[in-house]
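So you can see what is in the structure, the chains are spelled out below.
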Amino acid sequence: MSEPGGTETSATLRRIERAAGGLATASVARMDETLPWFRELPADQRSWVMLVAQAGVRSLVLWLRQGGGATDRTQEVSDEVFAAAPQALARSISLQQTVALIKVTIDVVEEQVSELAVPGEEQSLREAVLRFSREIAFAAARVYARAAESRGSWDARLQALLVDALLRGDSPDVLASRAAALGWTDAPPVAVAVGRSPGGEVAAVLHTVYRQARRIGVEVIGGVHGDRLVIVLGGAADPVAATEKLRTAFGEGPVVVGPAVPSLDEATESARAALAGFRAAPAWPTAPCPVAADELLPERALAGDTEARRRLRHDVYAALARSGGELLETLDAFFAAGGTLESAARALFVHPNTVRYRLKRIAEVTGFSPLAPRDAFALQVALTVGRLDPVVPTVSDRR
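On a predicted model such as this, the values are computed, not experimentally measured, just so you know. (Residues numbered from 1 in each chain as written. Predicted model: local features only at pLDDT ≥ 70, side-chain atom pairs only at ≥ 80, totals over all residues. Heavy atoms only, no water.)

K.L.:
I keep staring at helix α16 (residues 341-348) and nothing clicks. Help me out?
P.N.:
Residues that lie three or four places apart on an α-helix share one face, since the helix turns once every 3.6 residues. When α16 is considered as a whole, its buried residues turn out to be L341, A344, A345 and L348. Buried residues of α16, seen end-on, are gathered within an arc of 100° and therefore sit on one face of the element. α16 presents R346 and A347 as exposed residues on the side facing more than 90 degrees away from its buried surface. Those residues of α16 that are buried are in contact with α15 (325-336) and α17 (352-366). Of the residues one or two after α16, F349 is the one with positive phi, at around 60°. (Buried < 20%, exposed > 50% of the residue type's maximum accessible area, 1.4 Å probe, protein only. Helix = DSSP H or I, 4+ residues; strand = E, 2+ residues; numbered from the N terminus. Arc of directions from axis to C-beta. Contact = heavy atoms within 4.5 Å.)

K.L.:
Where do I start with the pairing of strand β3 (residues 228-234) in this structure?
P.N.:
A regular strand carries its side chains on alternate faces of the sheet. Judged by how many residues are buried, β3 sits mostly within the fold: six of seven residues are covered. Taking the residues between adjacent antiparallel strands as the criterion, strand β2 (residues 219-225) and β3 are bridged by two residues, where G226 takes a positive phi near 65°. (Pairing = 2+ DSSP bridges.)

K.L.:
For this particular structure, what's the right way to read the packing of helix α14 (residues 306-322) against helix α18 (residues 373-388)?
P.N.:
Between two packed helices, the angle of one axis relative to the other and the distance separating the axes together describe the packing. Their axes nearest at 8 Å, the elements α14 and α18 cross at an angle of 95°. With respect to each other, α14 and α18 are oriented roughly perpendicular. Counted together, R309, L312, R313, V316 and Y317 of α14 and A378, L379, V381, A382, L383, V385, G386 and R387 of α18 form the full contact between these two elements. Grouping the constituent residues of the contact of α14 with α18 by class yields nine nonpolar, one polar and three charged. (Axes fitted to C-alpha atoms, helices over the stretch in contact; angles between N-to-C directions. Parallel < 35°, antiparallel > 145°, perpendicular 65-115°, else oblique. Nonpolar A, V, L, I, M, F, W, Y, C, P; charged D, E, K, R; others polar.)

K.L.:
Just to check I follow, could you spell out α18 for this structure?
P.N.:
Under the 1.5 Å per step criterion, the end-to-end length of α18 is 23 Å for 16 residues, consistent within 8% with the ideal 22 Å. Among the residues of α18, A376, A378, L379, V381, A382, L383, V385 and G386 are the ones counted as buried. Looking at the buried side of α18, the elements it contacts are α13 (297-302), α14, α15 and α17. (Expected span 1.5 Å × (residues − 1).)

K.L.:
Would you explain the side chain of Q212 in this entry?
P.N.:
Topologically, Q212 is positioned in helix α10 (residues 202-216). What makes Q212 buried here is its relative accessible area of 9%. Look past the residues within four positions of Q212 in its chain and what remains in contact with it is K245, L246, T248 and A249.

K.L.:
Can you walk me through the pattern of salt bridges in this structure?
P.N.:
Side chains that carry opposite charge are capable of pairing whenever their charged atoms lie near each other. Scanning all chains against the criterion turns up 13 salt bridges. In this structure, the salt-bridge partner of D305 is R300, at a minimum N-O distance of 2.8 Å. One exposure class covers both D305 and R300, and it is buried. Each of D294, R311 and D315 takes part in salt bridges that share partners, so that together they form one network. (Salt bridge = Lys/Arg side-chain N within 4 Å of Asp/Glu carboxyl O.)

K.L.:
What am I meant to see in the packing of aromatic side chains here?
P.N.:
Two numbers describe a pair of aromatic rings. These are the distance of the centres and the angle of the planes. Scanning the entire structure with this criterion turns up two aromatic pairs. Measuring from ring centre to ring centre gives 6.1 Å for F334 and F335, while their planes differ by 50°; the resulting arrangement is tilted. The pair F334 / F335 is uniform in exposure class, with both members buried. Lying across the ring of W284, R374 places its NZ or CZ 3.5 Å from the centre. (Phe/Tyr/Trp six-rings, centres within 6.5 Å; stacked < 30°, edge-to-face > 60°. Lys NZ or Arg CZ within 6 Å of the ring centre and 35° of its normal.)

K.L.:
Can you walk me through the environment of L275 in this structure?
P.N.:
Looking at the secondary structure, you find L275 in helix α12 (residues 267-280). Discounting chain neighbours no more than four positions away, the residues touching L275 are L167, V194 and R228.

K.L.:
Looking at this structure, how should I read a negative patch on the surface?
P.N.:
Together, D173, D265, E266 and E269 give the surface a local cluster of negative charge. Among the structural elements, D173 can be located in helix α9 (residues 172-181). Given a relative accessible area of 62%, D173 falls into the exposed group. (Patch = residues over 30% accessible without salt bridge, like charges linked within 9 Å, V, L, I, M, F, W, Y side chains within 5 Å. Areas by Shrake-Rupley, 256 points an atom, 1.4 Å probe, with all protein chains shown as cover. Lys, Arg positive; Asp, Glu negative; His and termini not counted. Charge placed at Lys NZ, Arg CZ, Asp CG, Glu CD.)

K.L.:
Explain the environment of R39 to me, please; I cannot follow it from the model alone.
P.N.:
For R39, the location among the structural elements is in helix α2 (residues 36-39). In this structure, the C-alpha to C-alpha distance between R39 and A29, residues ten residues apart in sequence, is 10.0 Å. Look past the residues within four positions of R39 in its chain and what remains in contact with it is D32, E33 and R46. There is a polar contact of 2.7 Å between the side chain of R39 and the backbone oxygen of D32. (Polar contact = N/O pair within 3.5 Å; in protein donor to acceptor, adjacent residues only side chain to side chain.)

K.L.:
Would you explain unusual backbone geometry in this entry?
P.N.:
A negative phi angle characterises most non-glycine residues, just as the trans form characterises most peptide bonds. Here P188 and P189 are connected by a cis peptide whose omega angle stands at -10°. Topologically, P189 is positioned in the loop between α9 and β1 (190-196). In this model, C289 is joined to P290 through a cis peptide bond whose omega is 5°. Tracing the chain through its elements places P290 in the loop between α12 and β5 (291-292).

K.L.:
Would you mind going over the pairing of β2 with me for this structure?
P.N.:
Burial of β2 is extensive: six of the seven residues sit out of reach of the surface. In this sheet, β3 lies alongside β2 in antiparallel orientation, the contact comprising seven bridges. When the sheet's bridge partners are listed, V224 is paired in β3 with L229.

The following block contains the structure:
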């Protein structure tokens, strides 16, 4: 093509300028014809695409006037194309779809090169259009990258607020509104996992969490609070197993998973248990990682967790008391005998099989087997808590 400002080039540019409106209209018509998803866009978004197409043709003229990429303003010129549409367009249309729109527009312009260029300029214009399409593609990538960075920063702040609300026990309405803004679908069950943050930029930490969560098909919301990484999981049938697959997103140290609950509305309960378990976890150095908060009930009780004390008192000690005094008596004798069944039987003046039966009943009533070291520890703590804290009988207990 002739140098900018030359007679032939000026004539070609004037033709392109006069045809700008028609080119944009033809491009949009082609999009409507060849792209099914484009036909389904709302009217306002279709009008934004028309504005972008018109701006693209004008930008092509300006780009050619300035030397067809020979100046430092190439990026600035190509970026102006997308300034015609609001940033909301980047949230409505994917980058892949945007590339498809650019391709359609370029195809329409190429088809009309013979009419737009003065004789002898066709090949030069065609090559210039191809170079310009490359600049526009880069500009689209920059627009989407900026939108992603902005959205990522906003999402990180919103997720941190949501996790804060969970830990504070805010109302379900607050949790629901913030979760909805993040696209949370509340797939059941929901559970909260707590561990140490690996350190570094929060956005990078959360990116690792989301990437791994997508691989295993679970929904997550995460936040970094001080040195802790808190993750809310949704749709994981086994939250502990799912957290194990996310283990590399956490830093060194224990990772504790709260109990599964039906929805985000009740996730505060899971969050509290996970946090209490995380604080108490150092007392069990050989604990699996991740570990369920319920497996840390004795450590949590010793660390002052009132919910753990309540559960051990009510669900273990009181359950044994309701089942008959011989179970508590047998458990005391078994522990006093150092876990030796025969010695406990002699102390109780009963046959060893009787002790064996009662220990089995204790496991059935409480869910903890006196013959398993970890369960025996939990039962001992439950006996201690139950005798220190008075049990308040419920209506069902009195019946």
